[in-house]
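Below are the chains, spelled out letter by letter.
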Amino acid sequence: MSELSHVDETGKARMVDVSHKRDQIRTAIAQGFIKLCAETVQLIRENQVKKGDVLTVAQIAGIQGGKKTSELIPLCHPLAITKIDVQTRLEENGVTVTAEARCTGQTGIEMEALTAVSIALLTIYDMCKAVDKEMVIVEVRLIEKTKTDI
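These remarks concern the structure in this document. (Residues numbered from 1 in each chain as written. Predicted model: local features only at pLDDT ≥ 70, side-chain atom pairs only at ≥ 80, totals over all residues. Heavy atoms only, no water.)

### A word on a nonpolar patch on the surface
Convention followed: The residues that make up patches have over 30% relative accessible area and no salt bridge, and they are joined within 9 Å when like-charged or within 5 Å when they are Val, Leu, Ile, Met, Phe, Trp or Tyr. Computed by Shrake-Rupley with a 1.4 Å probe, the accessible areas treat only the displayed protein chains as cover when residues are assessed. Each reported salt bridge corresponds to a side-chain nitrogen of Lys or Arg within 4 Å of a carboxyl oxygen of Asp or Glu. Segments assigned H or I by DSSP are reported as helices when at least four residues long, segments assigned E as strands when at least two residues long, and all are numbered from the N terminus.
On the surface, Leu-122, Tyr-125, Ile-137 and Val-140 cluster together into a nonpolar patch covering about 310 Å² of accessible area. When residues of the nonpolar patch are traced back to their parent elements, those giving at least two are helix 4 (110-128) and strand 4 (136-149). With respect to the helices and strands, Leu-122 occurs in helix 4.

### Here we look at the layout of surface pockets
Rule in force here: Grid points spaced at 1 Å and placed over the protein atoms alone form the basis of the search, with a cavity being a set where a 1.4 Å probe fits but cannot get out and a pocket an open set showing protein on both sides within 12 Å along at least five of seven lines. Lining residues have an atom within 4 Å of a point. Grid points are joined across faces, edges and corners, and a volume is the space filled by probe spheres set on the points. The nonpolar class holds Ala, Val, Leu, Ile, Met, Phe, Trp, Tyr, Cys and Pro. Asp, Glu, Lys and Arg form the charged class, and all remaining residues, Gly among them, are polar.
Quantified by volume, the largest pocket comes out at close to 430 Å³. Lining the largest pocket are 20 residues, and of these His-6, Thr-107, Gly-108, Glu-110 and Lys-145 lie nearest its centre. Looking at the lining of the largest pocket, the elements with two or more residues in it are strand 1 (24-35), helix 4 and strand 4. The residue makeup of the lining of the largest pocket, split by class, is seven nonpolar, seven polar and six charged.

### Quick look at the packing of helix 2 (residues 54-67) against helix 4
Definition in use: Axis geometry follows a simple rule: fit a line to the C-alpha atoms, using only the stretch in contact for helices, then measure angles between N-to-C directions, giving values from 0 to 180 degrees. What makes a crossing left-handed is the near helix being turned counterclockwise from the far one by less than a right angle; a clockwise turn instead makes it right-handed. Here, two residues are considered to be in contact whenever any of their heavy atoms come within 4.5 Å of each other.
Put simply, helix 2 and helix 4 touch, their axes get as near as 7 Å, and they point 145° apart. In this structure, helix 2 meets helix 4 at a crossing whose hand is right-handed. Contact residues: helix 2 offers Val-54, Val-57, Ala-58, Ala-61, Gly-62, Gly-65 and Gly-66, while helix 4 offers Glu-112, Thr-115, Ala-116, Ile-119, Ala-120, Thr-123, Ile-124, Met-127 and Cys-128. For the contact of helix 2 with helix 4, the per-class residue count stands at ten nonpolar, five polar and one charged.

### Some points on the side chain of Glu-100
Heads up, the rule is: To sort residues, take the accessible area from a 1.4 Å probe on protein chains only and compare it with the maximum for the residue type: under 20% means buried, over 50% means exposed, and anything in between is partly exposed. The definition of a polar contact used here is a pair of N or O atoms within 3.5 Å, where within protein one atom must be able to donate a hydrogen and the other to accept one, and adjacent residues in sequence count solely through side-chain atom pairs.
With respect to the helices, strands and loops of the structure, Glu-100 is situated in strand 3 (residues 94-105). By relative accessible area, which is 19% here, Glu-100 ends up buried. Engagement of the side chain of Glu-100 in a polar contact is seen with the side chain of Lys-83, the distance being 3.4 Å. Within the structure, the side chain of Glu-100 is placed 2.9 Å from the side chain of Arg-102, a separation counted as a polar contact.

What follows is the structure, given as C-alpha cells:
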C-alpha cells in the first residue's frame, strides 16, 4: 500500500508540494446518479418543478461548484481550470450527471470533476425536495483521469 501524500511524517495533515512536477494537461471525468420517484422525473421532464428548470440549474451549479473546489476541500490546490463541462441526463428513475474537468498544471483535476458532479446532484436534491422525500444520491465516482505531456 502506498503512503498517504497529504500526511506528514508526524501524521499531521498537509498540502502536498507539487512545485517539482512539470505542467501537464490534466483531465478527469466523474459521474453520479440521483434516484427519483416517477412523479418527480415527470415534473422535471415537463419543467413543472416550482423552483425552475432543474437540469439547467444543476448544470450551472455543477460548473460553479467545480470552480470552487479548492475553497471547499481544504488541501486541494487552486488550479487554472480551462474546462468544466457538466451534462445531465434524465432517466426513467432519476438523473445521471457527468462532469469533465481540464486544466494545465502540476496536479490532477479529479476533485474538481467529483465536486462538480456532487454539487449538481445536491442542486437537483434541493430543487426537488418539496415533492420527493425518497431521493437518494448514489455512485458518485471517478470514471477516468488522464495526464498528457505538453
